[in-house]
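Each chain is listed here by its residues.
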Amino acid sequence: MRILVTGGAGYIGSHVIWQLLEHGHTPICFDNLTTGHADAVRCLLVEGDLCRREQILAAFAEHRPEAVIHFAARSLVSESVRDPRRYFRDNLLGALNLLDAMEAHGVRSIVFSSTAATYGVPSKVPIPEDHPQIPVNPYGDSKLCIERMLISYGRAYGLRSAILRYFNAAGAAPEQGLGERHHPETHLIPLLLEVASGARPRAQIFGRDYATADGTCIRDYIHVLDLGEAHLAALAHLAAGGESLALNLGTGTGYSVLEVLAAAREVTGAEIPAEDCPAREGDPPILVAAADRARARLGWTPTCSDLTSIIRSAWEFHRVRAERA
Ligand code: UDP
């Protein structure tokens, strides 16, 4: 299939493009390169901005995709708390323009990267897909609005969507030269690895008095390649005429910040000094997926998402890049 991948130069998108190619698809990457990297894109790259309606319409006219995977978005919780306008404008306007272009060109299938942040502070853990969605930050709000748009467009215009709610994407594909490269980096695992390699003096632990066993936040870390496999399965489901669905993508197992720190010390053999810091605004204490629906509906099971494998792959990517630099 010819698949338009918005945000394909980003962390998750670049891995998924590589996996699409491996499975014989023809991805077309549409990305404005504000946070992504052109050198991570292994297919045709169309440089364009989703907020510019004419640019996404032109990409559809020229490349005639049969389906869409929509990654392009602003995606940092703390930035969204500081600058909500940018989150609502870019994420919602981008989605509106994309859905208009799909409608104009008769494209009816979309895989959408949503997030566990749409649940807010869970009242039940592991979190099932039918858990109330009450986000506690503008990033989660913006993603939830898009989920609602997809459902309404489905009812009104026959759009079929696979809404994939990611828990914490992590890990890398070092053999492909792909991994996490954010500037500035804000994510826990790459930051710990920067400390391990000496690029940063110490790690920060955001919040020590959460209501969890060791007082630090608990997250469900999922390997980026496992996430990618779920996108392929979701595309196949929609291509076979399957109905719209919303699925968690996680493992069902949570790790605290201190547990991730201990695992990173183990994998790298480095001391990784860490200091206690105030909690980050907008961070819920615990996000762990009920992961069985994706298994039942897509036959998808994570295969490389144990914490050690995740950190090992990210560490390998980090070391190769550090050697080249
Ligand atoms: N975190 C931390 N120190 C850091 C970065 C993150 O303690 O330098 C915590 C953060 O509060 C959260 C978890 O690690 O509980 C994962 O954060 P990350 O930014 O990686 O992903 P998010 O959960 O925000 O998507």
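Heads up: the structure comes first, above all this text.
In this report, we go over the structure that sits alongside the text.

The next point concerns the site of the ligand. Taken together, 14 residues are adjacent to the ligand, and L188, Q204, C217, R280 and D283 come closest. At 2.7 Å from a nitrogen atom of the ligand is found a main-chain nitrogen or oxygen belonging to Q204. The contact in question runs from an oxygen atom of the ligand to an N or O atom on the side chain of D283, over 2.6 Å. For the ligand, whose free accessible area comes to 510 Å², the fraction covered by protein is 89%. Contributions of two or more residues to the shell around the ligand are made by helix 6 (188-196) and strand 8 (203-206). If you tally residues by element for the shell around the ligand, the top one is strand 8, at three residues. Looking at the shell around the ligand residue by residue, the classes come out as seven nonpolar, four polar and three charged.

Attention shifts here to the sheet that holds strand 6 (residues 160-166). Taken together, seven strands build an open sheet; the order of strands is 3-2-1-4-5-6-11 and the sheet is parallel. Bordering the open sheet on either side are strand 3 (44-47) and strand 11 (245-249), each of which pairs with just one other strand. Within this sheet the neighbouring strands show an average axis-to-axis angle of 20°, counted without direction. Bridging between strand 1 (residues 2-6) and strand 4 (residues 67-70) involves four bridges; their strand directions are parallel. When the bridges of strand 4 are listed, I3 appears paired with A67. Sitting on the sheet, helix 1 (residues 11-22) touches strand 1, strand 2 (26-31), strand 4 and strand 6, and the angle it makes with strand 2 is about 160°. Contacts from helix 5 (residues 138-157) reach strand 5 (109-115) and strand 6 within the one sheet, and its direction differs from that of strand 5 by about 155°.

On to the layout of surface pockets. Roughly 340 Å³ of internal volume is contained in the second largest pocket. Taken together, 17 residues line the second largest pocket, and the ones lying closest to its centre are E180, R181, E194, H318 and R321. Within the residue set of the lining of the second largest pocket, elements represented by two or more residues are helix 6 and helix 10 (307-324). If you tally residues by element for the lining of the second largest pocket, the top one is helix 10, at five residues.

A full pass over the atoms with the stated rule returns three aromatic pairs. Taking the centre distance of 6.5 Å and the plane angle of 35° together, the rings of Y119 and F167 count as tilted. Here the residue Y119 occupies a position in the loop between strand 5 and helix 5, and F167 occupies one in the loop between strand 6 and strand 7 (168-170), the gap between them amounting to 48 residues. Grouping residues by exposure puts Y119 and F167 together as buried. Taking the centre distance of 5.1 Å and the plane angle of 85° together, the rings of Y153 and Y157 count as edge-to-face. Remark: Y157 and Y153 occur in helix 5; sequence separation between them is four residues, near one turn of the helix. Look at Y153 and you get buried, because its relative accessible area is 16%.

Right, let's talk about the pairing of strand 5 for a bit. A large share of strand 5 lies buried, amounting to seven of its seven residues. In strand 5, alternate side chains face the same way, and those of S109, V111, S113 and T115 on one face and I110, F112 and S114 on the other are all buried. The pairing of strand 4 with strand 5 spans three bridges and is classified as parallel. Residue pairing for strand 5: H70 is matched across the bridge by F112. In this structure, strand 5 lies alongside strand 6, joined through seven bridges in parallel fashion. Of the residues in strand 6, the one forming a bridge with S109 is R160.

Here is what the cut-offs are and how they apply
Counting from 1, residues in each chain are numbered in the order their sequence is written. pLDDT decides what is reported in this predicted model: residues at 70 or higher carry local features, side-chain atom pairs at 80 or more are listed and counted, and totals for whole chains, interfaces and linings draw on all residues regardless. Here the side-chain values reflect all heavy atoms present in the structure, with hydrogen atoms and water set aside. For this purpose, a residue is taken to be near a molecule or strand whenever a single non-hydrogen atom of the residue falls within 4 Å of it. Throughout this description, a polar contact denotes any pair of N or O atoms lying within 3.5 Å of each other; where both atoms belong to protein, one of them has to be capable of donating a hydrogen while the other can accept it, and for residues adjacent in sequence the pair is counted only when both atoms sit in side chains. Where accessible areas are quoted, they stem from the Shrake-Rupley method and a 1.4 Å probe; at the residue level, only the protein chains shown are allowed to cover. Runs of H or I in DSSP of at least four residues are treated as helices and runs of E of at least two as strands, each being numbered from the N terminus. When residue character is reported, Ala, Val, Leu, Ile, Met, Phe, Trp, Tyr, Cys and Pro are called nonpolar, Asp, Glu, Lys and Arg charged, and the others, Gly included, polar. Being paired, for any two strands, means DSSP has found at least two bridges between them. Here an angle of 0 to 180 degrees is reported between the N-to-C directions of two axes, which are lines fitted to C-alpha atoms, with helices fitted over the stretch in contact. Whether two residues are in contact is decided by their heavy atoms: any pair within 4.5 Å suffices. Definitions used for this entry: grid spacing 1 Å over protein atoms alone; cavity, a set of points where a 1.4 Å probe fits but cannot get out; pocket, an open set with protein on both sides within 12 Å along at least 5 of 7 lines; lining residue, one with an atom within 4 Å of a point. Grid points are joined across faces, edges and corners, and a volume is the space filled by probe spheres set on the points. Stacked, tilted and edge-to-face pairs are distinguished by plane angle, under 30 degrees for stacked and over 60 for edge-to-face with tilted covering the rest, among Phe, Tyr and Trp rings (Trp via its six-membered ring) whose centres lie within 6.5 Å. When accessible area is computed with a 1.4 Å probe and restricted to protein chains, residues below 20% of their type maximum are described as buried, those above 50% as exposed, and intermediate ones as partly exposed.

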